[in-house]
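# Overview (structure and organization)
Chain by chain, the residues:
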Amino acid sequence: MNMRSLRRSLLYVPGSSGRMIEKSLGADADSLIFDLEDAVSPQEKDNARRNVADAIPRARETGKEIIVRINAADSCLGIRDLLEVVPQRPDAVIVPKAAEGAIVTADTVIGAIERELGWENGAVALVPLMETADSIVRAATIVGAARRVDGVQFGAEDLTKELGVARTSPGDELQYARSVLVFVGRARGLDVIDSPFVDHADAASLEAEARHVRALGMTGKTCIHPAQIETVNAAFTPAADEVAHARRVVEAFEQALRLGKGACSLDGKMIDNPIAERARQLLAKDARIRAGRPGGGA
């Protein structure tokens, strides 16, 4: 499978709008998600599919990760989406209303296209979109349904609709679902991507939510407007003081190892291997962001 791209900000772009697709190519998002599902009206589905298939080769030249959200994988629309866009080689496909059967279906169709075109198995990744109560309670089974799954995305709007609750700024109603996806995803080394923040004019609340979900263990967040990208990128980028502290932690621990010790103290706090390893991961993420190159999980 290809090395994953950095996924801090992922911008949703309606596949039915050629103008918005072109504009998105210059956006500062790590990933572009060309949407064939919710953002496209039923009468525009065929047009959107053609737009996206035509745009993928140009979009790949930007160096951004190119993702396509298809319609339901077990529907005729979803199958048509796969047959038309996968031969253009997007980096990944998002499967909405994710269920084990839908992942297996998408995996089978993509695998057949890869074999026909002579690509390596897993050239196109899958990202289940968890937006139902059933997908949350069955998350481990769903992400384990295909080896090409390399991330998981949370969908808060459909989930709160199903639960019959309002989505609030504190987000208490979403805490359990987010935590489940973090544990299931990170246990498998997957990216865990949060739901978009729907009020694109409220940058302060967006920043608070992005920092909150990063603290939970999520690795990125989807955006529905280019104005959200800078805020989301900043929230998922280690701050200068975090990086400086991580360097001190690693240096102190490595000095302790040279002295034959398994732990040490820094600023009155104990440093052992798990803490040092967490600091190394943060430094690696910072270096990866600065280099702007693909790599492993965040």
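Our subject is the structure listed above.
Here's a quick rundown of the structure. (Residues numbered from 1 in each chain as written. Predicted model: local features only at pLDDT ≥ 70, side-chain atom pairs only at ≥ 80, totals over all residues. Heavy atoms only, no water.)

Residues Gly151 and Gln153 point to one face of strand 6 (residues 151-154) and Val152 and Phe154 to the other, with burial holding for every one of them. Of the strand pairs in this sheet, strand 5 (residues 125-130) and strand 6 are connected by 2 bridges, and their pairing is parallel. Bridged to Met130 within strand 6 is Phe154. Sheet topology note: the strand 6/strand 7 (residues 191-194) ladder contains 3 bridges and is parallel. The residue of strand 7 that forms the bridge with Gln153 is Ile193. (Buried < 20%, exposed > 50% of the residue type's maximum accessible area, 1.4 Å probe, protein only. Helix = DSSP H or I, 4+ residues; strand = E, 2+ residues; numbered from the N terminus. Pairing = 2+ DSSP bridges.)

Further remarks concern unusual backbone geometry. Residues other than glycine seldom take positive phi values, yet Arg89 does so here, at roughly 60°. Tracing the sequence through the fold places Arg89 in the loop between helix 3 (76-85) and strand 4 (92-95). The partly exposed category is assigned to Arg89, whose relative accessible area is 22%. The backbone phi angle of Lys97 is positive, close to 45°, even though this residue is not glycine. Among the structural elements, Lys97 can be located in the loop between strand 4 and helix 4 (100-117). Taking relative accessible area as the criterion, Lys97 reaches 35% and is therefore assigned partly exposed.

Ordered by their spatial adjacency, 8 strands build a closed barrel running 1-2-3-4-5-6-7-8, and the pairing between neighbours is parallel. Ignoring which end each strand starts from, the neighbouring axes of this sheet average 25° apart. Relative to strand 3 (residues 65-69), helix 2 (residues 45-60) is tilted by about 165°, and along the sheet it contacts strand 2 (31-35) and strand 3. (Axes fitted to C-alpha atoms, helices over the stretch in contact; angles between N-to-C directions. Contact = heavy atoms within 4.5 Å.)

Before going further, it helps to examine the nonpolar core. The tendency in soluble globular proteins is for nonpolar side chains to be buried as a group. Ranked by internal contacts, the top residues of the largest apolar core, which has 64 residues, are Phe34, Val86, Leu126, Met130 and Phe154. The biggest single contributor to this core is helix 4, with 6 residues. (Core = buried A, V, L, I, M, F, W, Y, C linked by side-chain atoms within 4.5 Å.)

The next subject is helix 12 (residues 273-291). Under the 1.5 Å per step criterion, the end-to-end length of helix 12 is 26 Å for 19 residues, consistent within 8% with the ideal 27 Å. Contacts made by the buried residues of helix 12 are with helix 9 (203-216), helix 11 (240-258) and strand 10 (269-271). In the stretch just after helix 12, Gly292 is the one whose phi turns positive, near 65°. (Expected span 1.5 Å × (residues − 1).)

With that out of the way, let us pick up the packing of helix 2 against helix 3. Between helix 2 and helix 3, whose axes approach to 9 Å, the crossing angle comes to 25°. The orientation of helix 2 relative to helix 3 falls into the category roughly parallel. Crossing of helix 2 over helix 3 shows right-handed handedness. Where helix 2 approaches helix 3, its residues Lys45, Arg49, Arg50, Val52, Ala53 and Ile56 are matched on the opposing element by Leu77, Arg80, Asp81, Glu84 and Val85. Considering only residue class, the contact of helix 2 with helix 3 consists of 5 nonpolar, no polar and 6 charged. (Parallel < 35°, antiparallel > 145°, perpendicular 65-115°, else oblique. Left-handed = near helix turned anticlockwise from the far one by under 90°. Nonpolar A, V, L, I, M, F, W, Y, C, P; charged D, E, K, R; others polar.)

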